[in-house]
Amino acid sequence: MSIENKQMIWISGCIDKIIYDNKKGFMIFVLRKKTNSIIVKGEFLQIPLKSSIRILGYYVRDKKYGKQFSAISYQFVIPENIYSWQKWLASGIIKGIRTKNARKIIDYFGEDTMNILNGQPEELAKVPGISLRQANIICDKFQEHTQNADILISLCNYGIPVHIGKKIIKKYGTKTIQQLQENPYKVADQVASLGFKTIDPIALRIGIDEKSDYRIQSAFLYLLNQAEQEGHVYLPENILLRNASNLLGFSVSFLRDSLLRSNLKRVEDQSEIYVYRPWKYKEEIDITHILVKLAGQRESDIKKQEETLLQQYSDTANEEQLNAVRQALRSSLMILTGGPGTGKTFTTNLVIRFLKNRGKKILLAAPTGRAAKRMEESTGMSSQTIHRLLEYGRDDIGNIGFQRNENNPLETDTVIIDESSMIDQSLMYALLKAVPKNCQLILVGDKNQLPSVGAGRILADIIAADICPVIELKKIYRQSEESYIAEAAHGILEGKVPYPWGKDKKIKDFYFIPVDYSDKEKAATVISEYAGKKVPAFANNDVQVLTMTRVRATGCQELNEKIKEITNPSDRSKREYKNFREGDKVIQMKNNYKLERIYPDKKKSIGVFNGDTGKIIEINDNDENIIVRMDDESIVSYSYEDIEQVELAYAITVHKSQGSEYPVVLIPVFDFIPNLTDRQIIYTAITRAKEMVVLAGDYKKLQMMIRNIRSVKRYTRLEYLLKARS
């Protein structure tokens, strides 16, 4: 029976006992009513114990637990008498009021308390210990709570989850319902987590014509956005129309007419038609122009004394590395690539040394804070993230964006970027716009790594286009008698399955642990024990778990909770919020262009970006924020709302690990998924380790992954455009 056929009723009471809280919004609790109690289950946010609450839902009978009440929406209830007000205020429902302040406020204002809270901060500030600033916050929160309750219920009745409903209300306030009725698709475009699939049934329910152009345009944008999240810059028109037909149920011919009326960019090339979001097309075209221009700048001659000095390194550098220095001295655009142990760091330092001899000003950067820090340690020079290099932040009139651009270029002669395989199209576009005239750009990276998380395959396309010198280092240097990591990684690229125990030498940095997967839950527990206790004790170092997937028994979501309880167990000294605890390792899951970072030197920057990692150092219930020290040593204060973009990071996917190195990595190997688990993902995972690799799972599945040569198709025309215009 659908929800529409259920008998909906309101029930009221006080939360007497919380039975279950998954820390992600779903709760089960005992609601004490006037005459009896009932078990309630549903989606709730920030429900304090002893809160008075009014719940809309229906009764169900669980085979195991008996009669329960299934909640659809809810609202907090302001108690009717002064004796209950203190408990209600002390519950934490209004930010800034806890037990001590609640008692003081009630004692000071008595029966007039609610009138004071409803918009009289100057009066509230007369209470000893409450400043005017605190009073303003308390009054704002009280009004927000009371005014928004009915709006939230209306959104829930539309089928919008509570946590997303609160985001919509934060965006539109008292005009929420009006905005939703006027243009629901615009609301979906402007509110994170509220996508087309969520808003479309709501739009149809309130009377939007299913054939309206705006609905169909929104579907196109949704599909293109999904494609970009999968790494594509555009979609072929036939694929976009087919996907839209499956989504909306209309014929391809009908949808093609709507596409022709849209503001999407259609590019016809011979018999093919490509469809872009307009700004993605502009990025690709502009990147092409700038790269071709860079590559076409006049080459510099190598001086005789430079060649003589270079030959003095012939005992420590091979010919590939020496040639890399020569090309760096000649070329305005160059790529240095190579796998682990081939001497990319040594060669980069040699390039820097010779460029400095020429008096060149050099800037170093990398896509992530961890990679930038590693670059700084290996070169002895200052390095930073690309976002910080380009001074992402607010301008003089408050607009947020990259402050370094074509109108305010970087002040340098050479820019060297490490981990360049991670750079997506949008970031490369921003970087190239800020590169000054006659500047040199050197991209360093491993061409065999996974492509960027974002749209594009920048490094691979530039290499394939052959528009500039590409120096590939192949000889392995970083290898001792007891080391196997580099050898294993290069062997994987040739289809060879690591087999360390078959070596004559004693391997001390590469292990495979067989784990039975017939009981998946038990296998996850075994992996967690290895990650949380056994491997750290054996390696005498921290362990980072890298998984192939987010879900499944040995995906990062399941493993994170298990490893956390081993490495950072709960105790009275650690404050918690939802599934977060002080001391937890965390990772940012999507770009947030508004959060502020404060560095040890007190400098500030704007933005925390997809893949940035850190550690929770403080959870503050009074201010409703969580303080995280990021890997680049910056401090970020997350509101309880912003923390929804953060996840635990004891285990992360291989894709999220790109650009980072860890002392020890543990890689669960269980599920063979042909479209995901292939040679490239295993290679990327192994090359994240500096000191030790531990593979755990099914050896036959490892063999299948390494023998799976999956050609990852990304829709991008950069290679073609570069070849056509160079």
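Numbering of residues starts from 1 in every chain and runs along the sequence as written. A pLDDT threshold of at least 70 governs which residues receive local features in this predicted model, and a stricter bar of 80 or more applies before side-chain atom pairs are shown or counted, although totals over entire chains, interfaces and linings include all residues. Values reported for side chains reflect all heavy atoms of the structure, with hydrogen atoms and water molecules removed beforehand.

Per an unreviewed UniProt entry, the protein carries the name ATP-dependent RecD2 DNA helicase and comes from Anaerobutyricum hallii. Within the UniProt record for the protein, the comment given under Catalytic activity (unreviewed entry) is "ATP + H2O = ADP + phosphate + H(+)". Its UniProt record, at the heading Function (unreviewed entry), says of the protein: "DNA-dependent ATPase and ATP-dependent 5'-3' DNA helicase. Has no activity on blunt DNA or DNA with 3'-overhangs, requires at least 10 bases of 5'-ssDNA for helicase activity." UniProt positions are given in the numbering used here, feature names are shortened, and annotations may be inferred rather than shown by experiment.

Trainee: Please explain the UniProt feature "domain: AAA+ ATPase" (unreviewed entry) in the protein as it appears in this structure.
Mentor: In the numbering adopted here, UniProt assigns the feature "domain: AAA+ ATPase" (unreviewed entry) to residues 330-469. End C-alpha to end C-alpha, residues 330-469 measures 10 Å, and it is 34% helix and 21% strand. In DSSP terms, a helix is any run of H or I states spanning at least four residues, a strand is any run of E spanning at least two, and both are numbered starting from the N terminus.

Trainee: Would you mind going over the packing of helix α14 (residues 304-311) against helix α15 (residues 319-330) with me for this structure?
Mentor: Between two packed helices, both the angle of their axes relative to each other and the distance between the axes serve to describe the pair. Every angle, taken between N-to-C directions, lies between 0 and 180 degrees, and every axis is a line fitted to C-alpha atoms, over only the stretch in contact when it is a helix. Axis separation between α14 and α15 bottoms out at 11 Å; the angle between their running directions is 160 degrees. It follows from the interaxial angle that α14 and α15 lie roughly antiparallel. When you trace α14 past α15, the crossing you get is right-handed. For the pair formed by α14 and α15, the contact residues are Glu306, Glu307, Leu310 and Gln311 on the first element and Leu322, Val325, Arg326 and Leu329 on the second. When the residues that make up the contact of α14 with α15 are grouped by side-chain class, the tally is 4 nonpolar, 1 polar and 3 charged. Note on terminology: angles under 35 degrees are roughly parallel, angles over 145 are roughly antiparallel, angles of 65 to 115 are roughly perpendicular, and the others are oblique. Crossing handedness is read from the near helix: turned anticlockwise from the far helix by less than a right angle, it gives a left-handed crossing, and turned clockwise, a right-handed one. In what follows, residue pairs with any heavy atoms lying within 4.5 Å of each other are defined as contacts. Note on residue categories: nonpolar means Ala, Val, Leu, Ile, Met, Phe, Trp, Tyr, Cys or Pro, charged means Asp, Glu, Lys or Arg, and polar means any other residue, Gly included.

Trainee: I'm lost on the UniProt feature "binding site: ATP" (unreviewed entry) in the protein in this one. Help?
Mentor: The UniProt feature table records "binding site: ATP" (unreviewed entry) at Gly341, Thr342, Gly343, Lys344 and Thr345. By secondary structure assignment, the location of Gly341 is in the loop between β9 (333-338) and α16 (344-357). Accessible area is worked out with a 1.4 Å probe on protein chains only. A residue is then buried under 20% of its type maximum, exposed over 50%, and partly exposed in between. Under the relative-accessibility criterion, Gly341 is labelled buried at 7%. Considering the arrangement of structural elements, one finds Gly343 in the loop between β9 and α16. When neighbours within four sequence positions are excluded, Gly343 is seen to be in contact with Gln321 and Leu473.

Trainee: Any chance you could explain the pairing of β9 here in plain terms?
Mentor: Every other side chain in a regular strand lies on the same face of the sheet, so the side chains alternate between the two faces. Counting buried positions along β9 gives 6 out of 6 residues, so the element sits mostly inside the fold. Note on pairing: DSSP must find at least two bridges between two strands before they are called paired. For β9 and strand β15 (residues 440-445), the ladder comprises 5 bridges, and the chain directions are parallel. Bridge pairing links Thr337 to Gly445 in β15. As judged from the 4 bridges shared by β9 and strand β16 (residues 470-473), these two strands associate in the parallel manner. Its bridge partner being in β16, Leu336 is matched across the sheet by Ile471.

Trainee: Hey, could you run me through unusual backbone geometry in this one?
Mentor: It is generally the case that most residues other than glycine have a negative phi and that most peptide bonds are trans. A positive phi is found at Glu419, a non-glycine position, where the angle reads about 50 degrees. You can see Glu419 is positioned in the loop between β14 (414-417) and α19 (425-434). What makes Glu419 buried here is its relative accessible area of 10%. One non-glycine residue, Lys578, adopts positive backbone phi at about 50 degrees. Considering the arrangement of structural elements, one finds Lys578 in the loop between β19 (576-577) and β20 (580-581).

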